[in-house]
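What the coordinates show
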Amino acid sequence: MGVNVSVLAIDAGNSKTDVALIGEDGTVLSSARGGGFQPPVVGAEAALDVLAGLVGQALAMAGERIDGVEHVSACLANVDLPVEEAELTAAVVGRDWGRTVEIRNDTFAILRAGVDEPRGVAVVCGAGINCVGMLPDGRTARFPAIGRISGDWGGGGGLAEEAMWFAARAEDGRGGPTELARALPAHFGLDSMYALIEALHLGRIDAERRHELAPVLFATAREGDPVAVGLVERLAAEVVAMASVALGRLDLLDVPAPVVLGGGVMAARHPQLDAKIAELLAERAPKAVIRVVTEPPVLGAALLGLDRTGAPEPVHRRLRAQYS
């Protein structure tokens, strides 16, 4: 007898993708991991080809004949607008991976991984920043989150850019002093901001390495540098602004509700950032309960799939226990 897969869960970030096959009882039947999902760089079909390879690996690794997949729950990076979700849903339906398909932005996976029911708000701060919220009745809150043109500020990339701006101006005299002018180039073994700017501009340092400057910023803030402290506090204010607006849209400001924090910047648990977020959130949403998610986002994608298929609570618990 073959195995019926209840959920094909996909969490596809910019740098890596996780796929998991979930049985009807909540058991993880198999999993696969591969490269990132970047349709803006390679095109939608080529990006889906990467996912297809991983789906094939997971099906092959299941070790038994698969009768079929009931539902595909895919949480994908670079899918920021509802129109993009609709387009990719149609494309995945065409791939015939499962009987039903739901595509969401990958921030929803982090939120669902961090809550016991589909209720609450998540702010993800990794390379960029994003925020979503959801309720069990299907209502959601979200932001476009496609950069400065949609009002975004923050994330590791934004912090690095701001730190560079202040440090460059401190060195050449256009701005006030900051220890960042020494600390940022020193991270790359250079002795000046001019040397760092030149190295980045000419490609001697890969542009992708700029994200390494965010931890340098936090370390400089811990030493009390006013400019660095100001940037950390600005990020905290941005996190709280997004969270509180999303809570308000879902009528969760005045009731206990989880605010899940995820992404590399949050997972690093910088004490100044954590403390400022807690302070500001207590002012704007005093009943909010902060949690930093540690579970893998593919768990969230799988739980969203189980929500969609109407799986009973013991199935949810069994699945979560395998990722604890």
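Refer to the structure printed above.
Residues numbered from 1 in each chain as written. Predicted model: local features only at pLDDT ≥ 70, side-chain atom pairs only at ≥ 80, totals over all residues. Heavy atoms only, no water.

**A closer look at the side chain of Glu162**
One can find Glu162 in helix α5 (residues 155-172). Ignoring any residue separated from it by four or fewer positions in sequence, one finds Glu162 in contact with Trp153, Leu231 and Arg234. (Helix = DSSP H or I, 4+ residues; strand = E, 2+ residues; numbered from the N terminus. Contact = heavy atoms within 4.5 Å.)

**Let's talk about the nonpolar core**
Formed by 57 residues in total, the largest nonpolar core has its most connected members in Leu184, Leu235 and Leu273. At 12 residues, helix α9 (residues 226-249) tops the list of elements feeding residues into this core. Setting aside anything within four residues of it in sequence, one finds Leu184 in contact with Ala163, Met164, Ala167, Met193, Leu196, Leu213 and Val216. Core analysis: the second largest hydrophobic core is formed by 28 residues, Ala9, Cys75, Val293 and Leu303 among them. (Core = buried A, V, L, I, M, F, W, Y, C linked by side-chain atoms within 4.5 Å. Buried < 20%, exposed > 50% of the residue type's maximum accessible area, 1.4 Å probe, protein only.)

**Some remarks on the packing of aromatic side chains**
In the structure shown here, the tally under the stated rule is one aromatic pair. Between Trp165 and Phe166 the ring centres are 5.0 Å apart and the planes differ by 85°, which places this aromatic pair in the edge-to-face class. Under the relative-accessibility criterion, Trp165 is labelled partly exposed at 45%. Over the face of the ring belonging to Trp153 we find Arg234, whose NZ or CZ atom lies 3.8 Å from the ring centre. For the cation-ring pair, Arg249 lies above Phe143, with the distance from its terminal atom to the ring centre recorded as 4.7 Å. (Phe/Tyr/Trp six-rings, centres within 6.5 Å; stacked < 30°, edge-to-face > 60°. Lys NZ or Arg CZ within 6 Å of the ring centre and 35° of its normal.)

**Some words on the packing of α5 against helix α7 (residues 193-201)**
In contact at an axis separation of 9 Å, α5 and α7 are set at 130° when each is read in the N-to-C sense. Classed by the angle they form, the pair α5 and α7 counts as oblique. Facing Met164, Ala167, Ala168 and Glu171 of α5, the residues of α7 in contact are Met193, Tyr194, Leu196, Ile197 and Leu200. Taken together, the residues that form the contact of α5 with α7 break down as eight nonpolar, no polar and one charged. (Axes fitted to C-alpha atoms, helices over the stretch in contact; angles between N-to-C directions. Parallel < 35°, antiparallel > 145°, perpendicular 65-115°, else oblique. Nonpolar A, V, L, I, M, F, W, Y, C, P; charged D, E, K, R; others polar.)

**Topic: the sheet that holds strand β10 (residues 288-292)**
Within the open sheet, the five strands sit side by side as β8-β7-β6-β9-β10. Their pairing is mixed. In the strand order of this sheet, the two ends are held by β8 (140-142) and β10, each with one partner. Here the strands of the sheet are splayed against their neighbours by 15° on average, with no regard to which way each runs. In terms of strand pairing, strand β9 (residues 257-262) meets β10 through five bridges, oriented parallel. Across the sheet, Val259 pairs through a bridge with Ile290, a residue of β10. Running at roughly 160° to β10, helix α11 (residues 271-284) makes contact with β9 and β10 of the sheet. (Pairing = 2+ DSSP bridges.)

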